[in-house]
Structures are given as C-alpha cells and as structure tokens.
Amino acid sequence: MKNPKHAANISKTLGRVLSYFKPYWFLLVLVILTAIGTALSNIFGTFFAGQVTDHILAYFNQENNIIKEVALDTLHHDIILIVSLYAGGVFCALFHNELMVFLTQKVLFQLRTELMGKMQELPISYFDTHTHGAIMTLFTNDIDALVNALNDSLANIFVSATNMVGTIVCLFIINVPLTMIVIFFIIVMLVFLFVNAKINRKYFVQQQKALADVNAVVEEDIAGVKVIKAFNHEEQSFEKFEKANIDWRKAATNSFFRTQVTTPFFVSISYLNFSISAVAGVTALCTGWAGALTFGGLQSYLVFCRNACQPFNYFTLHLNNILAMTAGAERIFAFLDEKAEVDEGKVELIKLDENDNDFTHRYGWRIIHEDGSEEIRPLRGVIQFKNVHFSYVKGHEVLKGITFEAHPGKKVAFVGSTGAGKTTIISLLARFYPIDSGSITYDDISIYDIKLESLRRALSMVTQDTHLFTESIEDNIRYVRRHSTSDEIKTAAEKSHADSFIRRSPQGYQTMLYDDGSNLSEGQRQLLGLTRATLNQPPVMILDEATSNIDTRSELLIQQGLNDLMKERTVMVIAHRLSTIRDADEIMVLDHGTIIERGTQDELLALKGSYYDLYTGKVELA
Amino acid sequence: MKQKRFSLWPYIRPYKAKFFIACICIVVENALEISLPFLMDILLTKGMVHQNDGSYTYDAGFVFMMGGIMIGFAISAFFLGLASAKFTAKAGRGMGFELRKQEYQKIQNFSFKNLDHFRLNSLMTRMTNDVQIISDTFCSVLRPLLRAPFQLVFAITFAFIISSQLSIVFAIVVPTLAILLILIVMLTRPQFYKLQASLDRINRTTNESLTAMKLIRANAKRDYEIEKFTTVNSEVKSIGQKALALLATNMGIMNMMTYVCIVGILLIGGRYALRYDDANMANHIASFLSYTNQTLASLIMLSNVFMMFTRSSASLARVKEVFESENEIKDNKDSTLEVENGSVEFKDVSFKYNENAEEYVLKDINFTIPSGHFVGILGETGSSKSTLIYLMERFYDIKEGEILIANHDIKEYSLHELREQISISFQAPRLFTGTVRENLLWGNPDATQEEIETACKIACCYDFIVNSLDHGFDTMISQGGNNVSGGQRQRLCIARALLKKPKILILDDSFSALDRITEGQLKKNLKNYLPEMTKIVISQKVSTIADADNIIVLDNGHISNIGNSEFLKEHDHIYQDIYKIQTEGLAQ
C-alpha cells in the first residue's frame, strides 16, 4: 500500500466492485446505515448499563435522599431505555446481515454470468497463452474471496469502525487520563497486526509453493501408477513423494503457526490492558488522580476496556478480507476487459426451406451489398485458400503461402510431420486465429465477411481429442444438433459404427459419461466424435486425425458408412496414417509451412519424393 | 477404535505428544483467561472500601498485588498461547502429512479395478485438496473445540459462586441459546451440503466448457453453453442465499441473547439490590456483565466449529472412501517360487470387469506360448487385446479359468516376482520427470552404464540419445515426457522394459509411431540378442507381427484363430480383411 499507484488501483477495483451494486444502491445504503445502527446501539447500551449501576449505588449512598420506590422506578425506566436500544440493535443486525447475503449472491450471479459470457467470446489464442488452472481460479478462488469480503466484511467493517470510534469517544467521556492507557495498547496491537500480516504473507506463499510441489508429484505418480506397479517401482516413487510431503509439512506448520500467533498476542494484550486499567481505575477512583470518576463509571470503563481491542481486531480482519478480495477482483476485471474475438462480418447463414433435405436448398448466405441490395447465395461448401501466411508469434511464420481449393464431393488430404502446419490450416478456416495475409473464402465470400456463428455452423470439425460432457452418451452425441431425435442419433451411430459399443455399454445410449468420458477408450471416444459429425449437417466436413486411435479395419468400415454422407460434401482430412487418406482426390504434403507435393496418391507415388518415402516407410513421421 | 467409523486418530498418533501438549496449553491458557473477571471481582470488592461519605479508599498493597497477578497471568497466557499454536500446527500438519502418506501408499497398492473405479482426477483431488482441507480444519478447530465447553463450565460455576440469584439468568439463557444454535446448525447443514454440491456442479460445468472450448466454437454453441451455465448459476445463487441467510441469523440471535442476558442481570440484580438493600449485589453486577460475553461467545464458537466440520466433511468422506476400498488381489507375498522360463498358458479363461456386467470382456481363451517364442496379438479397437495381457501381470484377477507361467498358476508367485519377470511397455508410453538415465533405471536400479547402453542399442534409441538430445543420458525429461517425440518415447519405454531382463516382454502397440525401418531393426535386435525371452507384441498393423511364430487374432473378446501369418491368410477372415486393407497399396 506504500505504492500510491497500487493504492489507486485498489480503490479503482473497489469502486468497480461496488458499481455492481448500482441497481440496489438504495438497499446498500440501508445496509450501511443499519450496520452503523447496530454498533451504536451496542455502544450506548454498554454506556447506559454503567449508569444503571450508578443509579443503584446512588440509592445506597443516599445521595439526594432517594426513596426506594423512586430508585425502583428509575431502574425500570433505565431498563426500558436499554431494552429499546438493544431491540433496535438486534433488528439492525439481522437486517443488514440478511440483506447483505441477498445482495452478495445477486452480484456474484451477475459476475459469474459475465465471466462465462466473456470466456465464450475470447479468441482461441487467449486459451493458448493462459492455463486452464488460471482461468478456473477466477471462477473458484477469486469468486470465493469476493463472497467472503462482500458477505462478511463489507457491512461489518462499518460496524467495527463505528464501534472503534464509539468506544474511544465513550472512554474519553468517562475519563481522559485513564483512556490514554487503552490508546497505548491499541497502538501496540495495530503495529503488531500490520507487521505480522506482512510476515504471514511470506510464509503463506512458501506454503502454497510446497503444496504445489507435492501436488505435482502426486499428479505424476497417480497418472503413472500403472507403470509404477508394472516396474515394481513403488519404493523409489514413494521416496520422492515422501520428500515433497515432508517439505510441505514444514512449510505448512510454519505458515499455520504464524497466522496463529495473532490470537495469543491479541488475547494477552487485551488482558494486560485490562489488568493495568483495572489497577489504575481503582486508584483513580480512590485518590482522584485522574479527575472525576464514579463507581459506575469505573465499571463501564472496565467493560469498554475489556472490549476496546476487539473492534480494532475485527476492523483489520475485515480490511484484510477486502484487500484480499481486490487482488482477485482485479484479475476478474482484467479478464472481463480482454478483447473479444473479432466478429464484424455481416454475411449470415439463413434457413431457406426447412423441409428440403439438400442443404444447398435448405440454407443460403444472405449478403447485403454496398448499394443496399440483398443477395441470397445457396450454401455449397467451396473452400479456397489463396497465398495464406500465418504466424502464432510475430516473426515465426507457421504457414508460408498456402494455396488450395476444396470442392463439394471432393476429398482433400494433408500429411506431414507434427508442426508442419496441418492443424493450423483448419484452425484458420474456423477463424480461431486471424491470418497475416492472403485470403480464405467460403463459397467465394471472404470468411472475414461472414458472421462467426454462421461460418462455424457451416463447418463440421472432428478433432483427435473428443471432448465429452457429464451427461448421457445420447446427449453427448446430440450436442452438435440439440433437436435431434433418438432415432436420428441411433442412425448416425450406426453409420459411424459406434452403435455396437454403445449398445454394449451398461445403460446403452443412456449410459452416463464422467470426467470428460474417462470411462471410454480413446478409440471409443473417437467413434463418438465421428457420430457427432455424422449427425451434423454442414456441407464442409473436417477430420483432423479423427480416426487415429481406431484400427484400420474399423476405419474402413466407418469410411464405407460415411461414404453416402461424404458424397455431396467437401471433405478435408488430416492423418498420420496413410491408409486413411489414400482415396483422397488431392493429397497435399506439408513441410515447414509449405506444400511441397500435391496430387493423387498414384501421382505422388510416381514422383518418388517425400510421399513415396513416407509410404514405403523410409522415414517416420514425427 | 474398531475400524468401522473412520477415525483420524491413527494419523494423529505419531504426533500424540505434540497433540497433548497443544491441548494442555490451550486448556491452561484458557483457565488463566477465564479467571480474569473473577480476579477483577475480588479487586473491586476486597480492594476498595466504601466510606460512609460516599468516597472510596483502597488497600494499595492488595490492589497492586492483584494487578501483579493479573499481569503475570497475561504474560503466561501469551507464552502458553504461542506454545499451543506451535504444537497445534505441528500436530495438525503432521496429521495431514501422515494422512497423505498413507493414502499414497494405499493408492499404490490399489488394483487396476480400484483405480478404474475412482478415476485418476478424483484420486488426485483426494490426495491434494482434500487432505489440505482436513488438516486446515483440524488446526483451526482444536482451539475453539477445547475452549468452548471449558469456558462455559467455568463461567457458569464462577457465576454461581458469585451470586446464585443472578445465575438464574444464565440458567435460562444458556440452554435457550444452545437449543437455538443447535437448531440453526441442523437446519444449515443440509443446506451447505446442497450448496457444496451445486458449487461442484458449477465448477464442473465451467471446467468442461473450458476444456471443450474448440468444440464449442467449432459448433457455434456459445449461447447453449451460457444457457447451461446460467441454470447452475441461478441454482448456486438461490441455494447460497438460503444457506448463508440461515447462517447469518446466527449472529443476530447471538446478539439478541447477549442483550437479553445483560438486561436480565441488570433487572434482577438491580431489583434485588434495591428491595433487600444488598449493596454487594451492585458490585457483582459488573463481574456478571463481563461473564456474559465470555459464556455466550463460547457457545457461538461451538456452533462455528460444527459449521467448519460440515464444510470439511465432504473431503473427509472422500478420503475415507479411499481407505475403505479393498484391494481384491491377494499377493502371495511370502512365496519364494521363481519364474523359471517364459512359457505362458491360458486355460479356459473368461473375464469381465464388473461381475454384474452381462457380456464377457474375454471369453473361453485358450492358448499356449512356449518360452522364447514371438507371438503377435491382433484385433480391432475394443477387442480386449490389452486386457488379455493385463491378466498375465495380475492387474486384474480372473474368476474363471487358469493362467500358467512356467507351468505354475500365476497366483502361486509373489506379485513382485511376477512383475519382475514380465516386462511391459504400455500403449501410452509414459516417462517421468527426471533424466533419461533415471527413467531407464526404473527397469533395474543397479544397471551399469554398459547394460543401459546395450538395452538402448537393442531398443534403437542409443543413437538419438547420444546424438540429438542436448545432454545425452542426463537430458531432463519434462512432466509427461513432452520434450521427446512419440516415437522416441516409445523406444525409451522399450529400453526401460528391457533393462529388467525379463523372461517375458510385452509390447502393447509400442511400434505405432516408429517408421518401418526402425521397427524392423528393433524386431531383429530382439530376436537376435534375446532369443530365450518370450516376446508378446500387440499391434493393429499386420506388418508388425507378420513374422511372428504365432498370431492370436481376437474378435470381440473371443479368439478367432491362432496360427502363423500363412495359415491365417488362408483361414481367418478378420486377418484376411486387415491384411488386405494394409497391404493393398503396396501391392499396386
């Protein structure tokens, strides 16, 4: 907080968090007012309780010759005052606590919705440079910190502040010299709290690091537990784990001890304060060294004294909560401020005739020309790349002038080593990344003139990794077309040869999948990915290593099943396995971002070049 | 403690001295703290004398002595507090250490069936986050848990000693508050379980959406994803509002009961003092007021402790599940029987993963492999090829049939001996963080450099280790082995398997990323240099196993045919199909 820029950031972030309360500003003000009310009723209550004893003692001291009835009346009168004060306090406390819970959840709902919305529109490149863990932290830890701060601290920091001020004021009213003792101890405590918080942070970071280390070992060993068993390697692996676990114990012990030092310190400082104040108070009452003091006043003074440190302690606690929250909130806002995927295209895909099975009749592109005229162009699926250059990182070109065409009813294939740029070509077509130069068109429309959603609806992609959701197999297949009937899904599964394994699963099509489908083998997952593509209707089908984990015989059966489907479509295939692509109309061999050979399989074999070498097994694809 | 209910005590036991010291420090510190209002009461009633003229005089010696005692108590409380924090941390973190360690060992002893049941991600959570949460809870709960009842009892006892009349207020308020707090805890608990479940759901939805981002984009499913998320998000909101609102009443009720206490003491004490002209009662009121906070605060502490238990109970339940899983594979640990040769025999073996499943994964498997043979296993995706070899290593136990190695049932060997003599290179080649050499030494920790190099030469990885890796055998392998290519990883895993000098070598689709020349060389090396070792090779490629002594063709868990390539080309339709698809191109 020493850094003024940092402090400015904190207040900016705090302001932005509070801006989420705007629709409920009136309620928030009410919360703060009632919070202050809670504290005030508490302070005045304690103050008047002291007066009650004074009034009773006044009777015993026979000041002004009070008769018993009057004394009793005064007592009842005092009690009624205190009861109404306290009743107001209880009401305020319940009110602001409950209302704050309500408001917090509303604001958090809003924030989470915005986070998810943002996540869905960030460019893919964002996810390449940020780990899943970092993004998940926004939804978990950072949101949790917000819950803590808003729920517990936002209103209660006003309670503590009021209590703080009120207690000091009351102490001063009772007796000025005695109060200086309390002030001294409060200062000692505050200094300790701030210094300790700083040290704590250091130890906490150490603990988190040790925890991350032990987690990394656990992760590796659990993922590799089958290998460990097969190699009788349990002991050696355990030793490595034990070391990390011991380091964790040390760091975590230190960190916990550090945070706990506050408690005994706080307890003892209050105790010390109280003892010294008590002795000083007694002598003051008897000798009058500190000026006027009544017995009731001494009692109130001691009660205030005993609780004097409490609001300061709470205040720092709430303050820390709020500061901790701003760190998370800052990350959340930085995420929300990220630039969304560029989507400036105007061309839209529209439905022409719902009932026509031929997609060129069913869908069309609506193009608004510059002169305002509207053109409906049938959806066909002609893809053209012209001299496309692309780099993920400036200066490192991954694609160096790619030119090709793909037409409906034709199959084009890409082969090449890992890193040759095969998958990149497809990512560019789906506009996951913007190209550096050149042009990509779909049905002669630049893909950058097409609305993102329309463009992607016109493509069907199957990648090597099939992502599955925690729902039934049937719903997982249905994902790509929400309105498909069970019959349609079954037909699609039959075509892609997934039907037999699905039927053999415990509950058939209704079998639940968990943890990204971890209960399925790689091959089975790919079959589901292909089934999705079969169910999906678009005229351009992209298969990126979509059958890499399926054996060649099954692959051939699938290809036969999909032949019908592929007949009218533009098909683009990427494969390591040459048998997958041998019937392609054009095969392109990619090497370091350029197409070095192209033609049908026979033509390429006749060339006796790179493809020939791959085919005859002379070189291995990395 | 009979192990039915899950107890944390076995994990605290190694730290029991520290644990008890922590407990004692907490209790004594607490006693010192509690005596404070009591000392104050003595100070006010005995230290001062109320003169008839309304002024006060005091006994200076007595007052300063009492003050000295109080200061002494404060300082002792501080050091006791420090000690209790230190020992609580040691015991609590030690418990976490022990828990994680034993869980690790338990998981290392899991059978593959156990592993399949838990799934890897969930096992990781159980060993990382869950242990941390349990240890955190233990550390933060110990102090309030010990203090609260102690404080309550002491405060009430002292209160009675001071004045039985005023204690009536406690007698009424304390049980009422206790009942209210119990009610709130009981009402809140199920709400918090629900909240936790819905938080898990929202995290899962987010995580899945994040993992499947490309799929979502490619299918333009943004709106659907947001809609899905909004459903769980609203659920979290409404359950969160309910649960936290209930919890927030805690504070209100606490406040209210404290006030009731104060008012009660003032009213009863005041009236009593005035009615019966009891001046002492007026002095007691002050001491009583300070007990009020303490007594009621201890109750609220207890209710907080229960809430903390609730929050960590999900973690505890998950860890408990791990400890309660039985490994159904019984190790014949003391067996000294040694595997004498590499012959393998399957007799009427049938197997299914789950006893309730209808269909068998493997059915009526019968074959024999003489020691030293090269046998191929061929079959489609999902034809249970890998399962077949897992049975040989007893990763799963069969219920029907018999598997013999070197003419002994595999159950007669110790697991250690069995796994020492059978070496496997898995389908997904997995290396570990560490140098290339460290990874290779997994096969045999005592291997000499010469042995390592020989194994690497046979596995065709010597050249690239020496020539293309930056630091040769000392090159660091990153997590998951991502800094070497797939083909290189496969060959390193084969070399690791060879270093064991096994009687039986199993290669599960281990050539898939190799070029044909390297593959041919590797197979030739195995044949020439290790003739007496039985070699079992699983593959989807006919060319890889065409020269095997025997090929087992699997079809949906049955053996379709066994024979050499020539025989199968004539008689087995699956083999014919695969052969045709894979060689067609070459023939043209």
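Definitions and limits used
- Residues numbered from 1 in each chain as written.
- Chains lettered and ligands numbered in written order.
- Predicted model: local features only at pLDDT ≥ 70, side-chain atom pairs only at ≥ 80, totals over all residues.
- Helix = DSSP H or I, 4+ residues; strand = E, 2+ residues; numbered from the N terminus.
- Buried ≥ 20, exposed ≤ 12 C-beta atoms within 10 Å, placed from the backbone.
- Contact = placed C-beta atoms within 7 Å.
- Rg over C-alpha atoms; globule rule 2.2 N^0.38 Å.
- Core = buried A, V, L, I, M, F, W, Y, C linked by C-beta atoms within 7 Å.
- Nonpolar A, V, L, I, M, F, W, Y, C, P; charged D, E, K, R; others polar.
- Pairing = 2+ DSSP bridges.
- Axes fitted to C-alpha atoms, helices over the stretch in contact; angles between N-to-C directions.
- pLDDT = per-residue confidence, 0-100.
- Domains from an automatic or database assignment.
- Parallel < 35°, antiparallel > 145°, perpendicular 65-115°, else oblique.
- Arc of directions from axis to C-beta.
- Expected span 1.5 Å × (residues − 1).

**Looking at the overall build of chain A**
Thought 1: A count of helical and extended segments in chain A gives 20 helices and 13 strands.
Thought 2: Along the first, second and third principal axes, the C-alpha atoms of chain A reach 125 × 70 × 55 Å.
Thought 3: Counting all 622 residues of chain A, 44% fall into the buried class.
Thought 4: Here the contacts in chain A between residues at least 6 apart in sequence split such that 74% fall between residues at least 24 apart.

**Let's talk about the overall build of chain B**
Thought 1: Each helix and strand in chain B was counted, giving 20 helices and 14 strands.
Thought 2: Whereas a compact globule of 588 residues would reach a radius of gyration of roughly 25 Å, chain B reaches 37 Å, over 25% beyond that.
Thought 3: For chain B, the C-alpha atoms occupy an extent of roughly 125 × 55 × 50 Å along the three principal directions.
Thought 4: Of all 588 residues assigned to chain B, the portion counted as buried reaches 46%.

**A closer look at the nonpolar core**
Thought 1: Counting residues in each nonpolar core, the largest one holds 249 residues, and the members touching the most others are B:Met257, B:Ile265, B:Ala459 and B:Ala495.
Thought 2: In terms of residue count, helix H9 (residues 222-275) of chain B provides more of this core than any other element does, 20 residues in total.
Thought 3: Leave out the neighbours within four places in its chain, and B:Ala495 touches B:Leu440, B:Ala455, B:Cys456, B:Ala459 and B:Cys461.
Thought 4: Listed in part, the 75 residues of the second largest apolar core include A:Ile425, A:Tyr442, A:Tyr479 and B:Ile216.

**Digging into the interface of chain B and chain A**
Thought 1: Facing the 129 residues of chain B at the interface are 128 residues of chain A.
Thought 2: Broken down by class, the residue content of the side of chain B that touches chain A amounts to 63 nonpolar, 42 polar and 24 charged.

**Considerations on the sheet that holds strand S11 (residues 570-574) of chain A**
All names here are of chain A.
Thought 1: A sheet is described by the order of its strands in space; here 6 strands give the open sequence S9-S10-S11-S6-S12-S13, paired in mixed fashion. The open sheet has two edge strands, strand S9 (459-462) and strand S13 (594-599), and neither has a second partner. Strand-to-strand, the axes of this sheet are offset by a mean angle of 15°, without reference to chain direction.
Thought 2: For strand S12 (residues 586-591) and S13, the ladder comprises 5 bridges, and the chain directions are antiparallel. For Leu-590, the partnering residue across the bridge sits in S13 and is Ile-595.

**Quick look at the confidence of the model for chain A**
Thought 1: Per-residue pLDDT for chain A averages 86, and the proportion of residues at 70 or more is 96%.
Thought 2: The least confident element of chain A is helix H10 (residues 359-362) of chain A, whose mean pLDDT is 71; the most confident is strand S7 (residues 437-442) of chain A, at 94.

**Some details on the confidence of the model for chain B**
Thought 1: Taken residue by residue, chain B gives an average pLDDT of 85. The fraction at 70 or more is 96%.
Thought 2: In the model output, the complex is listed with pTM 0.78 alongside ipTM 0.81.

**Overview of the domain arrangement of chain B**
Interface size is commonly expressed as the accessible area that is lost once the parts come together.
Thought 1: Taken domain by domain, chain B holds domain 1 (9-324) and domain 2 (344-587).
Thought 2: Look at where the C-alpha atoms of domain 1 of chain B and domain 2 of chain B centre, and you get two points 57 Å apart.

**Considerations on the pairing of strand S13 (residues 550-555) of chain B**
Residues and elements named next belong to chain B.
Thought 1: The buried count for S13 comes to 5 of 6 residues, which makes it a mostly enclosed element.
Thought 2: In this sheet, S13 lies alongside strand S5 (residues 374-379) in parallel orientation, the contact comprising 5 bridges. Looking at the pairing, Leu-378 lines up with Val-553 of S13.
Thought 3: Sheet analysis places S13 next to strand S14 (residues 558-563), joined by 5 bridges and oriented antiparallel. Bridging across to S14, Ile-552 finds its partner in Ile-562.
Thought 4: Remark: 2 residues form the turn of the hairpin made by S13 and S14, two consecutive strands paired antiparallel; Asn-556 in that turn has positive phi of roughly 50°.

**Remarks on unusual backbone geometry**
Thought 1: Although it is not a glycine, A:Asn387 sits at a positive phi angle of roughly 45°.
Thought 2: Even without being glycine, B:Arg394 reaches a positive phi, approximately 55°.
Thought 3: Mapped onto the secondary structure, B:Arg394 falls in the loop between helix H11 (385-392) and strand S6 (400-405).
Thought 4: Residue classification places B:Arg394 among the buried residues on the basis of 23 C-beta atoms within 10 Å.

**Quick notes on the packing of helix H7 (residues 164-211) of chain B against H9(B)**
Residue and element names in this part refer to chain B.
Thought 1: Between H7 and H9, the shortest axis-to-axis distance is 9 Å and the interhelical angle comes to 170°. As judged from the angle between their axes, H7 and H9 are roughly antiparallel.
Thought 2: Taken together, the residues of the contact of H7 with H9 sort by class into 26 nonpolar, 13 polar and 6 charged.

**Digging into the sheet that holds strand S2 (residues 363-368) of chain A**
Residues and elements named next belong to chain A.
Thought 1: As summarised here, the arrangement of the 3 strands in space is S1-S2-S3, forming an open sheet in which the pairing is antiparallel. Edge strands, defined here as strands with exactly one partner in the open sheet, are strand S1 (348-351) and strand S3 (374-378). Taking the axes of each pair of neighbouring strands and ignoring which way they run, one obtains an average angle of 35° across the sheet.
Thought 2: Where S2 and S3 come together, 5 bridges link them in antiparallel fashion. Counterpart to Ile-368 in the pairing with S3 is Glu-374.

**Concerning helix H5 (residues 120-127) of chain B**
Thought 1: Turning to H5(B), its buried residues are B:Leu123, B:Arg126 and B:Met127. End-on, the buried residues of H5(B) take up no more than an arc of 90°, which puts them together on one face.

**Some words on the packing of helix H6 (residues 176-223) of chain A against helix H8 (residues 234-287) of chain A**
All names here are of chain A.
Thought 1: For the pair H6 and H8, interaxial distance at closest approach is 8 Å and the crossing angle is 170°. Considering their axes alone, H6 and H8 lie roughly antiparallel with respect to each other.
Thought 2: A class-by-class count of the residues in the contact of H6 with H8 yields 29 nonpolar, 13 polar and 5 charged.

**A word on the pairing of S3(A)**
Thought 1: The element S3(A) is largely exposed, with a buried count of 0 among its 5 residues.
Thought 2: Taking the residues between adjacent antiparallel strands as the criterion, S2(A) and S3(A) are bridged by 5 residues, where A:Gly372 takes a positive phi near 95°.

**Some points on the environment of A:Val29**
Thought 1: Position of A:Val29 relative to the elements: it lies in helix H2 (residues 25-60).
Thought 2: Along the backbone, A:Val29 and A:Ala458 are 429 residues apart, and their C-alpha atoms lie at a distance of 51 Å.

**Here's the deal with the domain arrangement of chain A**
Thought 1: According to the domain assignment, chain A contains domain 1 (13-173), domain 2 (176-292), domain 3 (348-378) and domain 4 (383-615).
Thought 2: Sorting the residues of the side of domain 3 of chain A that touches domain 4 of chain A by element identifies S1 and S2 of chain A as the ones contributing at least two each.

**Overview of helix H17 (residues 516-529) of chain B**
All names here are of chain B.
Thought 1: In this model H17 runs 20 Å from its N-terminal to its C-terminal C-alpha over 14 residues, within 8% of the 20 Å that 1.5 Å per residue would give.
Thought 2: What H17 keeps buried is the set Thr-518, Glu-519, Leu-522, Lys-523 and Leu-526. What you see down the axis of H17 is that its buried residues fit within an arc of 130°, all on one side.
Thought 3: Elements that come into contact with the buried residues of H17 comprise helix H14 (449-458), strand S12 (534-539) and helix H18 (542-545).

**A word on the environment of A:Thr137**
Thought 1: Tracing the backbone shows A:Thr137 in helix H5 (residues 132-174).
Thought 2: Once the C-alpha coordinates of A:Thr137 and A:Arg331 are considered, the two residues, 194 residues apart in sequence, prove to be 9.5 Å apart.

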